[in-house]
Amino acid sequence: MKSRLLFLIICLAAMLQASAGHVLIDGVLDQSKYWSGTVHTFQVYVPDQYDGKRPAALYVGLDGVLCHAPEVMDSLIAAKKMPVTIGVFLQPGVVKGSDGTVLRYNRCYEFDSTSDSFVRFLEEEVLSAVEQLTTSKGKPIRLSRRPQDRMIFGLSSGGIAAFNAAWHRPDLFGKVFTGVGTFVAMRGGNDLQALVRKTEPLPLRVFIQDGSNDVWNPLFGHWYEGNQMLASALQFAGYDVQCDWSDGGHNVTRSTEIFPQVMEWMWRDWPAPHTLGKTGNDFLQALLVEDDNGWTKISGGVNKEPVKRIIYPDLTIVAWTQDEAENFVWQFIMQDSRLTCGEPFYWLHNDDPTESLEVRTITFDGNGNLWVATRMGIQICDQNGRVRAILRLPLGCSPVNEIIIGNGTVTLSTDEATWQRRFNVTAPTPGVRPPSQGQG
């Protein structure tokens, strides 16, 4: 691991925890750049079939070993119903005093936050540490980089953490199993169903489990309803999703019962890549084109100031970003060369309220929709100021300085690269008022 990541792997001799079909290796991360002062423990499952020569598939289980996962994986690997897989069972972080007393439990903060911090922690610190391990027989741990080879599971707050990890980084995790997930108003989880409906679909395979008696704390909302709302949103957005609804409560019982069947469903067509579904979002559907290859880098970067003020095609309206930290864009009416009737009109989504949304640059398309480049993607607002679609930025894209909408293409310029993608869009025509979308 890079020197900036301080960690301590302990008990490599814990191969003594061997059981039929696998061994478990214990480890500890005693520092993190994401969670200050925390200690995380984990176990690494290595099946007997792993030879150390070829990268293995990956299973990440949050809150440690649940659902008898090692034994189930032993059985399925032996039956060739899932590939040879390395399991990583991670406990949430704690902060301890000098006498060993736990001063802070970090689980809710790490797992329930809707930002991408947790998946970055997984990638840069946890999985990086795992890949430095070797087995007692000297086999190095090597993990596949293909998302269809990687699955993550979590229960309760771990359930939302598992979903968020794949949601933010579908290149890292293609399969998600969430049990009694906390998709309620703790740290913004209740907003995920809206983001799923508005964002272009991802090649994810998702299994959701919950029961009608799951109301852990009604102060935050209804767990069962929250899970059903997310499931409905995923089905609407065209995802490969399966659900298990029962009369169970907020516990691991039902997830444990169905775990073998869920694993078979997840790996049913391996090693085929996951396919994209068709969204039911008519606004987004009208933008997307068939056989789209996504964002393509077409040239180097363009160093220029972002556009903070843009005039509507017929010169009647001005959209103005007055502070990039705001979660909205102002709209003014142009009358007699004066700006009047100013309102924070275009409301934007922010998946991490602890950070600025970073509204970077704006522009209008030929239909009078406002395109807004933000940290979490391109948010497209209709004429009434509502986000109707969210387009993901290219992986690793630096902040966008300019959006150029042409007839059939959209170009993004950053300091480092210029990207282009095909869409069903038209460039604005100066002096021509776009057709009205009504009052909505």
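See above for the structure.
Residues numbered from 1 in each chain as written. Predicted model: local features only at pLDDT ≥ 70, side-chain atom pairs only at ≥ 80, totals over all residues. Heavy atoms only, no water.

1. A closer look at the overall build of the protein chain
Per the secondary structure count, the protein chain includes 8 helices and 22 strands. Scaling as 2.2 N^0.38, a compact globule of 440 residues should have a C-alpha radius of gyration of about 22 Å, and the protein chain matches this with 24 Å. Referenced to the eigenvectors of the C-alpha coordinate spread, the extents of the protein chain come out at roughly 80 × 50 × 50 Å. Across the 440 residues of the protein chain, 52% fall into the buried class. Here the contacts in the protein chain between residues at least 6 apart in sequence split such that 66% fall between residues at least 24 apart. In the protein chain, the 39 positive side-chain charges and the 48 negative ones have mean positions that sit 5 Å from each other. (Helix = DSSP H or I, 4+ residues; strand = E, 2+ residues; numbered from the N terminus. Rg over C-alpha atoms; globule rule 2.2 N^0.38 Å. Buried < 20%, exposed > 50% of the residue type's maximum accessible area, 1.4 Å probe, protein only. Contact = heavy atoms within 4.5 Å. Lys, Arg positive; Asp, Glu negative; His and termini not counted. Charge placed at Lys NZ, Arg CZ, Asp CG, Glu CD.)

2. Section: the packing of helix 1 (residues 69-78) against helix 7 (residues 253-266)
Orientation of helix 1 relative to helix 7, taken along the N-to-C sense of each, is 50°, at an axis distance of 10 Å. Here helix 1 lies oblique to helix 7, going by the angle between them. Two packed elements cross with a definite hand, and for helix 1 against helix 7 that hand is right-handed. For the pair helix 1 and helix 7, the contacting residues are Ala 69, Val 72, Met 73 and Leu 76 in the first and Phe 259, Pro 260, Met 263 and Glu 264 in the second. (Axes fitted to C-alpha atoms, helices over the stretch in contact; angles between N-to-C directions. Parallel < 35°, antiparallel > 145°, perpendicular 65-115°, else oblique. Left-handed = near helix turned anticlockwise from the far one by under 90°.)

3. A look at the nonpolar core
Phe 163, Phe 173 and Leu 370 are the most contacted members of the largest nonpolar core, which totals 72 residues. Counting residues per element, this core draws most heavily on helix 3 (residues 117-130), which supplies 8 residues. Each residue touching Leu 370, except ones within four places of it in the same chain, is listed here: Ile 310, Ala 319, Val 329, Tyr 346, Ile 362, Thr 363, Phe 364, Gln 379, Ile 380 and Cys 381. Within the second largest apolar cluster, 26 residues are counted, among which are Val 72, Met 82, Ile 258 and Val 262. (Core = buried A, V, L, I, M, F, W, Y, C linked by side-chain atoms within 4.5 Å.)

4. Quick word on the sheet that holds strand 18 (residues 377-381)
Paired through backbone hydrogen bonds, the strands of a sheet run either parallel or antiparallel to each other. Read across the open sheet, the 4 strands follow the order 16-17-18-19; overall the sheet is antiparallel. The outermost strands of the open sheet, each flanked by one partner alone, are strand 16 (361-364) and strand 19 (387-391). Each adjacent strand pair in this sheet contributes to an overall mean axis angle of 20°, direction not counted. Of the strand pairs in this sheet, strand 17 (residues 370-374) and strand 18 are connected by 5 bridges, and their pairing is antiparallel. Among the inter-strand pairings, Val 372 is bridged to a residue of strand 18, identified as Gln 379. (Pairing = 2+ DSSP bridges.)

5. Considerations on the packing of aromatic side chains
Considering all chains together, one arrives at 21 aromatic pairs under this definition. Ring geometry for Phe 163 versus Trp 167: centroids 6.0 Å apart, planes at 15°, classification stacked. Separated by 4 residues within a single helix, Phe 163 and Trp 167 lie in helix 4 (residues 157-168), roughly one turn from each other. This pair shows no difference in class: Phe 163 is buried, exactly as Trp 167 is. Summarising the aromatic geometry, the rings of Phe 163 and Phe 183 are spaced 6.1 Å apart at their centres and angled 90° between planes, so their arrangement reads as edge-to-face. A residue pair is termed long-range when its members are at least 10 positions apart, and Phe 163 in helix 4 and Phe 183 in the loop between strand 8 (175-179) and helix 5 (192-198) qualify at 20 residues. The burial state of Phe 163 is the same as that of Phe 183; both residues are buried. Pairwise contacts between aromatic rings join Tyr 59, Phe 89, Phe 153, Phe 177, Phe 207, Phe 259 and Trp 265 into one cluster. The residue whose ring lies beneath Arg 197 is Phe 236, and the NZ or CZ to ring-centre distance is 5.0 Å. When the ring centre of Trp 167 is taken as reference, the NZ or CZ atom of Arg 392 above it lies at 4.6 Å. (Phe/Tyr/Trp six-rings, centres within 6.5 Å; stacked < 30°, edge-to-face > 60°. Lys NZ or Arg CZ within 6 Å of the ring centre and 35° of its normal.)

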